[in-house]
There are 4 protein chains.
Amino acid sequence: MSDTAYPRGVEHRVAYRIYYEDTDALGVVYYANYLKFFERGRTESIEAAGRGIAEWNRHGYLFVVHSVQATFKRPAVLGDRIEVVTSFSVVSPYRGRFLQRVERDGEVLVEGTVDCVCLDDNQQLREFPPGVLG
Amino acid sequence: MSDTAYPRGVEHRVAYRIYYEDTDALGVVYYANYLKFFERGRTESIEAAGRGIAEWNRHGYLFVVHSVQATFKRPAVLGDRIEVVTSFSVVSPYRGRFLQRVERDGEVLVEGTVDCVCLDDNQQLREFPPGVLG
Amino acid sequence: MSDTAYPRGVEHRVAYRIYYEDTDALGVVYYANYLKFFERGRTESIEAAGRGIAEWNRHGYLFVVHSVQATFKRPAVLGDRIEVVTSFSVVSPYRGRFLQRVERDGEVLVEGTVDCVCLDDNQQLREFPPGVLG
Amino acid sequence: MSDTAYPRGVEHRVAYRIYYEDTDALGVVYYANYLKFFERGRTESIEAAGRGIAEWNRHGYLFVVHSVQATFKRPAVLGDRIEVVTSFSVVSPYRGRFLQRVERDGEVLVEGTVDCVCLDDNQQLREFPPGVLG
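Residues numbered from 1 in each chain as written. Chains lettered and ligands numbered in written order. Predicted model: local features only at pLDDT ≥ 70, side-chain atom pairs only at ≥ 80, totals over all residues.

## Some points on the overall build of chain A
The line we're drawing: The helix and strand labels rest on DSSP assignments: H or I over at least four residues marks a helix, E over at least two residues marks a strand, and numbering proceeds from the N terminus. Note that the radius of gyration is over C-alpha atoms, with the globule rule given as 2.2 Å times the number of residues to the power 0.38. To assign burial, the other C-beta atoms lying within 10 Å of each residue's own C-beta are counted, with C-beta atoms placed from the backbone; 20 or more indicates buried, 12 or fewer indicates exposed, and intermediate counts indicate partly exposed. Working definition of a contact: two residues with C-beta atoms, positioned from the backbone, lying within 7 Å.
A tally of regular secondary structure across chain A gives 2 helices and 6 strands. For chain A, the C-alpha radius of gyration of 15 Å lies close to 14 Å, the compact-globule estimate for 134 residues. Dimensions of chain A, computed from the C-alpha atoms along their principal axes, are close to 40 × 30 × 25 Å. Counting only residues that meet the buried cut, chain A has 43% of its 134 residues in that class. Sequence separation of 24 or more characterises 69% of the internal contacts of chain A that already satisfy a separation of 6 or more.

## Some words on the relation of the copies chain A and chain D
Here is the rule: Only residues with pLDDT of at least 70 in both copies count here: their C-alpha atoms drive the least-squares fit that superposes the copies.
For these two chains of identical sequence, chain A goes onto chain D by a turn of 180° and a shift of 0.0 Å along the axis, with RMSD 0.0 Å. On the angle and the small slide along the axis, the relation comes out as a two-fold axis. Judged by C-alpha distance, Gln69 of chain A is the residue of chain A that lies nearest the rotation axis, at 2.2 Å. Residue by residue, 100% of the interface of chain A is reproduced at the interface of chain D, so both copies engage with the same surface.

## Brief notes about the interface of chain A and chain D
To keep things clear, this is the line we draw: Any residue that is not Ala, Val, Leu, Ile, Met, Phe, Trp, Tyr, Cys, Pro, Asp, Glu, Lys or Arg is counted as polar, Gly included; the first ten are nonpolar and the last four charged. Strands are treated as partners if at least two bridges between them are detected by DSSP.
On the side of chain D, 14 residues touch chain A, which itself brings 14 residues to the contact. Secondary-structure elements contributing two or more residues to the side of chain A that touches chain D are helix H1 (31–48) and strand S2 (62–72) of chain A. At 9 residues, the largest contribution of residues to the side of chain A that touches chain D is made by S2 of chain A. Broken down by class, the residue content of the side of chain A that touches chain D amounts to 9 nonpolar, 4 polar and 1 charged. Pairing between S2 of chain A and strand S2 (residues 62–72) of chain D: 5 bridges, direction antiparallel. In the sheet register, Val68 of chain A faces S2 of chain D, and the bridge partner there is Ala70 of chain D.

## Points about helix H1 (residues 33–48) of chain C
All names here are of chain C. Here is the rule: To estimate the expected span of a helix, count its residues, drop one, and scale the result by 1.5 Å.
For H1, with 16 residues, the first-to-last C-alpha span of 23 Å sits near the 22 Å given by 1.5 Å per residue. For H1, a buried count of 12 out of 16 residues is recorded, marking the element as mostly surrounded by other parts of the structure. Within H1, the full set of buried residues consists of Asn33, Tyr34, Leu35, Lys36, Phe37, Phe38, Glu39, Gly41, Arg42, Thr43, Ser45 and Ile46. At the exit of H1 stands Gly50, carrying a positive phi of roughly 130°.

## Here's the deal with the confidence of the model for chain A
Residue and element names in this part refer to chain A. Heads up, the rule is: Scored from 0 to 100, pLDDT records how confident the predictor is in each individual residue.
Averaged over every residue, the pLDDT of chain A is 92; residues scoring 70 or more account for 92%. Below pLDDT 50 for its whole length, residues 1–8 participates in 7 contacts with residues either more than four positions away or in separate chains. Interface confidence for the predicted complex, expressed as ipTM, amounts to 0.91; the pTM equals 0.93.

## Quick look at the relation of the copies chain C and chain D
Taken as rigid bodies, chain C and chain D are interconverted by a rotation of 180° and an axial shift of 0.0 Å, the fit giving an RMSD of 0.0 Å. Of the interface residues in chain C, 100% have counterparts in chain D that sit at the interface too, so the contact is made through matching surfaces.

## Some points on the packing of H1 of chain A against helix H1 (residues 31–48) of chain D
Threshold: Axes here mean lines fitted to C-alpha atoms, for a helix over just the part in contact, with angles spanning 0 to 180 degrees between N-to-C directions. Here the angle decides the label: under 35 degrees means roughly parallel, over 145 means roughly antiparallel, 65 to 115 means roughly perpendicular, and every other value means oblique.
At a minimum axis distance of 8 Å, the contact between H1 of chain A and H1 of chain D shows a crossing angle of 175°. Taken together, the axis directions place H1 of chain A and H1 of chain D in an arrangement best described as roughly antiparallel. Judged by residue contacts, Tyr31, Ala32, Leu35 and Lys36 of chain A of H1 of chain A engage Tyr31, Ala32, Leu35 and Lys36 of chain D from H1 of chain D. Split into classes, the residues belonging to the contact of H1 of chain A with H1 of chain D amount to 6 nonpolar, no polar and 2 charged.

## Considering the interface of chain C and chain D
In this complex, chain C contributes 9 residues to the contact, which on the side of chain D involves 9 residues. Among the residues forming the side of chain C that touches chain D, the class breakdown is 5 nonpolar, 2 polar and 2 charged.

## A closer look at the environment of Ser67 of chain C
Considering the arrangement of structural elements, one finds Ser67 of chain C in strand S2 (residues 62–72). On the basis of neighbour count, Ser67 of chain C is assigned to the buried category, with 20 C-beta atoms found within 10 Å. Between the alpha carbons of Ser67 of chain C and Arg17 of chain C there is a distance of 26 Å; along the sequence they are 50 residues apart. Setting aside residues no more than four positions away along its own chain, Ser67 of chain C makes contact with Ala70, Thr71 and Phe72 of chain B together with Asp115 of chain C.

See below:
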């Protein structure tokens, strides 16, 4: 990772509450559910740049996850208020990269990298549109 | 409920394992997840009658839940093997009714009634097709 | 249902966004997921009354769903902002009842009734504590 | 990755059906849900080695995901029958690694690596027990 490829410029933040639906029998948030929080963060960061996901879809741009890496450092539990922090960069015309983390009171619980591609209505690769994230 | 409307004739059974994804921080299956098991049971009972849900969809029949009632008697826990028991009747040309329960070793954990309607590709009500459930 | 049993007095409202995680291949919110929104609404309405769910749990009060009835009138879709509206009454010392609905721009999408019981740490029934909902 | 660290020796396979609950409004399986399938595969492969997850837990061994990497190659859709293929190796006394993939008719849809640690009842790291996976 180079500083060039990942301008720390803009980080988007959005807060969520942990509910029973997020937890499992170990008493903590189920690991796959952090990826739901990541996806919420990506969705809100895209909308904050001016156009919501549903509207992008209607214009023929589908953003699809190609790969994900996540490291689980500390668990969130029922009742926690967490923040999803998201930044984005286009690493090639056909590849966008989200750096994401889940924080609680400034402490990093989970961090990850999510690479996405952009498809058209026929599920074919297309270039990322300008302005997708400001 | 009359015996006429609910022929006990055929009950469909399908078994599932309880995984972490199904549980919550109280150590038991999360209440909304029993409705996923119900839906799995409906899906398999329809397919067992000859045509899978995806194929019905392609033929222009979408089965959509109108209402649900469920009573939670005993909890399932991690590692349990449960059975979903499903029977079906068409209570009017536009209304199908599934009687469903989740059992563990013959003991009823959850039981419910799920009323469905049938929509066409334009989301308009259509009559239930003959043969949807044998 | 009598007006006595259901004082319309206080309705609690909390808003959520619809994300991909909430939807299914029919393009709308998956039916079981509305019960997650109901549970979020109950959680927030209880916390708004002064004590969060996790804290009630630590004090030996577990609120567990006994039965649910829900009617699905209109679907929510990706990107929608919905509101969960919740009111509560204790219908007997051992039974609490939540009247809940999901609205979008004031239109009712789903409405339901959720009956809960209160358990102690040994999973035994106990009376609802005073003040659980204001 | 060396051949030493990853003996291809034993691959565990378990099959699942894709239901509405697994899909999203793009008409395919929601990306986070593949991690549920991965977890089902790990659970079944551990049980197949002689002791189920719940029993390991009761003996004071909690297997917790430390990190995950997954690449999404092709989507699964409603009605598909998929197989989860799992192999395991202990890469250090405190780190177990699952290589996993989701296949449909022998075609790889998703593949990933899941690193786990073993905790005791006090959430402290402990060594992986011998025999956890045969």
